[in-house]
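# Geometric and topological summary
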Amino acid sequence: MDAPADFIEVYPDAVGHDDCAAIVARLRQSPQLQPGRIGGGVFPELKHSRDLRISGNPEWQDVDARLQQAVFAGLLRYLRKFPQALISPLMLQQPGADGQPRRLQAEDFERMPDAAIADLARTCLRPAAINLQWYAAGEGGYPYWHCELYPRDANAETLHRHLLWTLYLNDGFDEGETEFLFQQRKVAPRAGSLLFAPTAFTHTHRGNRPRNGDKFIATSWILFQSAQHLFAAG
């Protein structure tokens, strides 16, 4: 019998090693780095990093586009394996053979071409801004157990977070894993690997401190489209 799914997926080589190394080199030289933030502000005892938001930054437009492309490809793989990520919260409907609306089932995704799943993903989901993060050896990390879904802002953006993702930009250091509490799983960073997981408390996690080398990642979320977009009157 197969082991139960933990809904944590890792896709190796989502971005090439040369591209990752080039991003790291640029980040090391960037004058735009800022102290890493969490939802409530800068608390280095909880998260100690230097960060750079690249989405909307003209100097990083090429990197943002490359990473978003890789993340979207990974998202399609995730949705093909776990179509319930769209079906369960949204109860999606499409016209059937008779032209009448019918509820999509998980089995329908098995027969869908990638383009059809991509259309559903774009209709229902949207990317959040990408943050590059630099964790220094022996001191950097996000050791506080946390999740990504919480009521923070008036627009409820943080409650629209559906999936988290992390792209590891380097390796060659010790520890520094992404550790999931309830799944008792540690994901070791490998340059170019892309991690997806749900955002709720069920996937409480932390970023362990790297040893004997700095750790670099790109990270963000996949959000639901706004209610106005999803449920606009026809």
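What you see is a predicted model; the values in this text were computed from it and never measured.

## Description of the overall build of the chain
When helices and strands are counted, the chain shows six helices and 16 strands. A globule of 234 residues ought to have a C-alpha radius of gyration of about 17 Å, and the chain, at 18 Å, matches this closely. Counting only C-alpha atoms and orienting by the principal axes, one finds that the chain spans roughly 60 × 45 × 35 Å. A burial count over the chain gives 47% of its 234 residues as buried. When contacts within the chain are restricted to residue pairs at least 6 apart in sequence, those whose partners lie at least 24 apart make up 76%. When the accessible area of the chain is evaluated, it comes to approximately 12400 Å², of which 52% is carbon and sulfur surface. With 24 positive and 27 negative side-chain charges, the chain shows a spacing of 3 Å between the two charge centroids.

## Topic: the side chain of S30
Structurally, S30 can be placed in the loop between α1 (17-29) and β2 (34-35). Contact partners of S30, with chain neighbours within four places excluded, come to L52 and W60.

## Quick look at the packing of aromatic side chains
Throughout the structure, instances matching the rule amount to five aromatic pairs. Judged by centre distance (4.9 Å) and plane angle (55°), the rings of F7 and F82 are tilted. On the criterion of sequence distance, the pair formed by F7 in the segment before β1 (9-11) and F82 in the loop between α2 (61-81) and α3 (84-90) is long-range, its members being 75 residues apart. Since its relative accessible area comes to 36%, F7 is described here as partly exposed. Judged by relative accessible area, F82 falls into the buried class, the value being 9%. Ring geometry for W134 and F216: centres 5.1 Å apart, planes at 35°, overall tilted. Pair noted here: W134 is in strand β7 (residues 131-135) and F216 is in strand β16 (residues 215-224), with a separation of 82 residues, a long-range link. With a relative accessible area of 9%, W134 lands in the buried category.

## Overview of the packing of α1 against α2
Contact geometry of α1 with α2 gives a least axis separation of 12 Å together with a crossing angle of 140°. As for how α1 packs across α2, the hand of that crossing is left-handed. Between α1, through D19, I23 and R26, and α2, the contact on the second element is made entirely by D62, V63, R66 and L67. Across the contact of α1 with α2, the residue classes break down as three nonpolar, no polar and four charged.

## Details of the pattern of salt bridges
Two side chains carrying opposite charge are able to pair once their charged atoms lie near each other. For the structure on display, the rule yields 13 salt bridges. In this structure, the salt-bridge partner of D51 is K47, at a minimum N-O distance of 2.7 Å. Each member of the pair, D51 as well as K47, is classed as buried. For D108, the salt bridge identified is with R102, shortest N-O distance 3.3 Å. According to the relative accessible area criterion, D108 is buried, its value standing at 9%. Residue R102 is classed as partly exposed on the basis of its relative accessible area of 36%. What you see here is one network of salt bridges that share partners, running through R102, D108 and R111.

## Some thoughts on the packing of α2 against helix α5 (residues 114-124)
Between α2 and α5, the shortest axis-to-axis distance is 10 Å and the interhelical angle comes to 100°. Our classification of the angle between α2 and α5 gives roughly perpendicular. Together, F72, L75, L76, L79 and R80 of α2 and D114, I117, A118, A121 and R122 of α5 make up the contact between the two elements. Each residue belonging to the contact of α2 with α5 can be placed in one class, and the counts come to seven nonpolar, no polar and three charged.

Cut-offs and rules
- Residues numbered from 1 in each chain as written.
- Predicted model: local features only at pLDDT ≥ 70, side-chain atom pairs only at ≥ 80, totals over all residues.
- Heavy atoms only, no water.
- Helix = DSSP H or I, 4+ residues; strand = E, 2+ residues; numbered from the N terminus.
- Rg over C-alpha atoms; globule rule 2.2 N^0.38 Å.
- Buried < 20%, exposed > 50% of the residue type's maximum accessible area, 1.4 Å probe, protein only.
- Contact = heavy atoms within 4.5 Å.
- Areas by Shrake-Rupley, 256 points an atom, 1.4 Å probe, with all protein chains shown as cover.
- Lys, Arg positive; Asp, Glu negative; His and termini not counted.
- Charge placed at Lys NZ, Arg CZ, Asp CG, Glu CD.
- Phe/Tyr/Trp six-rings, centres within 6.5 Å; stacked < 30°, edge-to-face > 60°.
- Axes fitted to C-alpha atoms, helices over the stretch in contact; angles between N-to-C directions.
- Left-handed = near helix turned anticlockwise from the far one by under 90°.
- Nonpolar A, V, L, I, M, F, W, Y, C, P; charged D, E, K, R; others polar.
- Salt bridge = Lys/Arg side-chain N within 4 Å of Asp/Glu carboxyl O.
- Parallel < 35°, antiparallel > 145°, perpendicular 65-115°, else oblique.

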